[in-house]
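Geometric and topological summary
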Amino acid sequence: KQEVTQIPAALSVPEGENLVLNCSFTDSAIYNLQWFRQDPGKGLTSLLLIQSSQREQTSGRLNASLDKSSGRSTLYIAASQPGDSATYLCAVRHVSGNAGNMLTFGGGTRLMVKP
Amino acid sequence: DTGVSQNPRHKITKRGQNVTFRCDPISEHNRLYWYRQTLGQGPEFLTYFQNEAQLEKSRLLSDRFSAERPKGSFSTLEIQRTEQGDSAMYLCASASPTEAFFGQGTRLTVV
């Protein structure tokens, strides 16, 4: 059974810092990995998607890496801003045949960026 | 806006009542998922549809829960005889072969 773990569970940083969020998963047979952002009481917004054959993806100040063999992904946020405050969720998508490529989520990292 | 619509956004109900939630996925997606998220946790898989067929159900989905997707378009999730432990955010996602898109969720509070 796939298990996804995110460390740290919570993080508080001053504005302007670069930061790294970590995600690990136990079964490397994944189709892809997605990072999501969730604001309080809201749904999930997709930030970055990395296919299993890729090593990293970038979008603006965000960079996500994937090391499938070691079961790890990181989300790097450059020059953090108060508007980045949210919960960040990592999810791995199973290979075909298991509930139609269902996603398994980590518990999330709650980020607060202080002005 | 991801293109996935969920209604209602919030629902407060008394224990023992039945509730029904609706999800309208992205029209060209044939895969639809329901997840449940409790406070401070990541979403947990409940059930999966491919077109109108319900192909997978989690053990989290007790007999009080039922989901449908008639005609392979919108989906409904019904909870019968609600309990306080059912209080959670219920999330719907529709997916292409490569990516999942989530709705804004329905926040259920059972009092």
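In the block above lies the structure referred to throughout.
Quick summary incoming for the structure in this document. (Residues numbered from 1 in each chain as written. Chains lettered and ligands numbered in written order. Predicted model: local features only at pLDDT ≥ 70, side-chain atom pairs only at ≥ 80, totals over all residues. Heavy atoms only, no water.)

**What about the overall build of chain A?**
Helix and strand counts for chain A stand at 0 helices and 11 strands. Counted from the first residue to the last, chain A has its helices and strands arranged as β-β-β-β-β-β-β-β-β-β-β. Over its C-alpha atoms chain A spans a radius of gyration of 14 Å, differing by no more than 12% from the 13 Å that the globule rule assigns to 115 residues. For the C-alpha atoms alone, the extent of chain A along its principal axes is close to 45 × 30 × 20 Å. (Helix = DSSP H or I, 4+ residues; strand = E, 2+ residues; numbered from the N terminus. Rg over C-alpha atoms; globule rule 2.2 N^0.38 Å.)

**A few points about the nonpolar core**
Counting 22 residues, the largest nonpolar core has A:Phe25, A:Leu33, A:Trp35, A:Leu75, A:Ile77, A:Tyr88 and A:Leu111 as the members making the most contacts within it. For this core, the elements supplying multiple residues, two or more each, are β3 (19-25), β4 (30-38), β5 (44-51), β7 (62-67), β8 (72-77), β9 (86-94) and β11 (109-114) of chain A. With 19 residues, the next largest nonpolar core counts B:Phe21, B:Leu46, B:Phe65 and B:Val110 among its residues. (Core = buried A, V, L, I, M, F, W, Y, C linked by side-chain atoms within 4.5 Å. Buried < 20%, exposed > 50% of the residue type's maximum accessible area, 1.4 Å probe, protein only.)

**Observations concerning the interface of chain B and chain A**
Reports of interface size often rely on the accessible area that becomes lost once the parts have come together. Of the residues lining the interface, 26 residues belong to chain B; the matching set on chain A comes to 24 residues. In this assembly, chain B packs against chain A so that about 1800 Å² is buried in total across both faces, 49% of it on carbon and sulfur atoms. The largest per-residue losses of area from chain B upon contact with chain A belong to B:Pro43, B:Thr98 and B:Phe102, which jointly make up 24% of the total buried on that side. Where chain B packs against chain A, one counts 0 salt bridges. In this structure, the connection of chain B to chain A is made through 9 residue pairs in polar contact (both at pLDDT 80 or more). For the side of chain B that touches chain A, the elements supplying multiple residues, two or more each, are β4 (31-37), β5 (44-50), β9 (88-95) and β10 (100-102) of chain B. Tallied by class, residues from the side of chain B that touches chain A come to 11 nonpolar, 9 polar and 6 charged. (Contact = heavy atoms within 4.5 Å. Buried area = accessible area lost by both parts, 1.4 Å probe. Salt bridge = Lys/Arg side-chain N within 4 Å of Asp/Glu carboxyl O. Polar contact = N/O pair within 3.5 Å; in protein donor to acceptor, adjacent residues only side chain to side chain. Nonpolar A, V, L, I, M, F, W, Y, C, P; charged D, E, K, R; others polar.)

**Some remarks on the state of the cysteines**
Such a bond, covalent and formed between the sulfur atoms of two cysteines, is termed a disulfide. In total, this model carries 2 disulfides over all chains according to the counting rule given. There is a disulfide in this structure between A:Cys23 and A:Cys90, and the S-S distance comes to 2.0 Å. For the disulfide bridge between A:Cys23 and A:Cys90, the dihedral angle about the S-S bond is near -55 degrees, and by the sign convention the bridge is left-handed. Residue A:Cys23 is found in strand β3, and its partner A:Cys90 is found in strand β9; the two are separated by 67 residues along the sequence. Judged by its relative accessible area of 2%, A:Cys23 is buried. Residue A:Cys90 is classed as buried on the basis of its relative accessible area, which comes to 0%. At a sulfur-sulfur separation of 1.8 Å, the disulfide partner of B:Cys23 is B:Cys92. An S-S torsion of about -65 degrees defines the bridge between B:Cys23 and B:Cys92 as left-handed. Highlighted residues: B:Cys23 in strand β3 (residues 19-24) and B:Cys92 in strand β9, separated in sequence by 69 residues. With a relative accessible area of 0%, B:Cys23 lands in the buried category. (Disulfide = S-S within 2.5 Å.)

**Quick look at the sheet that holds strand β7 (residues 65-68) of chain B**
All names here are of chain B. Ordered in space as β1-β3-β8-β7, the 4 strands form an open sheet in which the pairing is antiparallel. This sheet does not close on itself; its edge strands, each paired only once, are β1 (5-7) and β7. Neighbour-to-neighbour, the strand axes of the sheet open up by a mean angle of 15 degrees, direction not taken into account. Bridge count for β1 against β3 is 3 bridges, and the pairing is antiparallel. When the sheet's bridge partners are listed, Gln-6 is paired in β3 with Cys-23. (Pairing = 2+ DSSP bridges. Axes fitted to C-alpha atoms, helices over the stretch in contact; angles between N-to-C directions.)

**Things to note about the side chain of B:Gln6**
All names here are of chain B. Among the secondary structure elements, Gln-6 is positioned in strand β1. What makes Gln-6 buried here is its relative accessible area of 4%. Reaching out from Gln-6, the side chain makes a polar contact with the backbone nitrogen of Cys-92 at a distance of 2.9 Å. With near-sequence residues (within four places) excluded, Gln-6 lies in contact with Arg-22, Cys-23, Trp-34, Tyr-90, Leu-91, Cys-92, Gly-103, Gln-104, Gly-105 and Thr-106.

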